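Remarks on the overall topology
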Amino acid sequence: MSLQDDLTAVQRCIDDLVRSVGRLEQQAGSSLEIRRVRTDADHLRESVALLREAAPTLRAQKKPELVGIPDTPYDSALWTDSDDEGLGARDRHAP
């Protein structure tokens, strides 16, 4: 399934949810709990609309290129001027 197909399927499900919440509100009356569920369903609808708008840019994002790290040991000359962690320079000793 493509991204657009998945978004369309989600949109249909949310539309069904909104219709079901509307029927439930007609049967049970308008209460705080029903209003919360209706508001949540409306937020879902808005979020999917925003996701649908962003879908072309989501598709265009490339995966980061992997950088291979060789298994061969590093050249010890890279570390000649470095301090040993916590010990200071090579010619000094820790207190």
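Structural notes, computed from the coordinates.

**Description of the overall build of the protein chain**
When you go through the protein chain residue by residue, the secondary structure sums to two helices and zero strands. Counting every position in the protein chain, which comprises 95 residues, the buried fraction comes to 11%. In the protein chain, 64% of the contacts between residues at least 6 apart in sequence involve partners at least 24 apart. Of the roughly 8500 Å² of accessible surface on the protein chain, a fraction of 56% belongs to carbon and sulfur atoms.

**Let's talk about the pattern of salt bridges**
Summed over the entire model, instances satisfying the criterion amount to three salt bridges. For Asp16, the salt bridge identified is with Arg19, shortest N-O distance 2.2 Å. Of the two residues, Asp16 and Arg19 both sit in helix α1 (residues 3–28), three residues apart, roughly one turn of that helix. A relative accessible area of 47% places Arg19 in the partly exposed class. We note a salt bridge from Arg38 to Glu25, for which the minimum N-O separation is 3.0 Å. Remark: Glu25 occurs in helix α1 and Arg38 occurs in helix α2 (residues 32–60); sequence separation between them is 13 residues. Owing to a relative accessible area of 31%, Arg38 belongs among the partly exposed residues under this scheme.

Conventions we followed
- Residues numbered from 1 in each chain as written.
- Predicted model: local features only at pLDDT ≥ 70, side-chain atom pairs only at ≥ 80, totals over all residues.
- Heavy atoms only, no water.
- Helix = DSSP H or I, 4+ residues; strand = E, 2+ residues; numbered from the N terminus.
- Buried < 20%, exposed > 50% of the residue type's maximum accessible area, 1.4 Å probe, protein only.
- Contact = heavy atoms within 4.5 Å.
- Areas by Shrake-Rupley, 256 points an atom, 1.4 Å probe, with all protein chains shown as cover.
- Salt bridge = Lys/Arg side-chain N within 4 Å of Asp/Glu carboxyl O.

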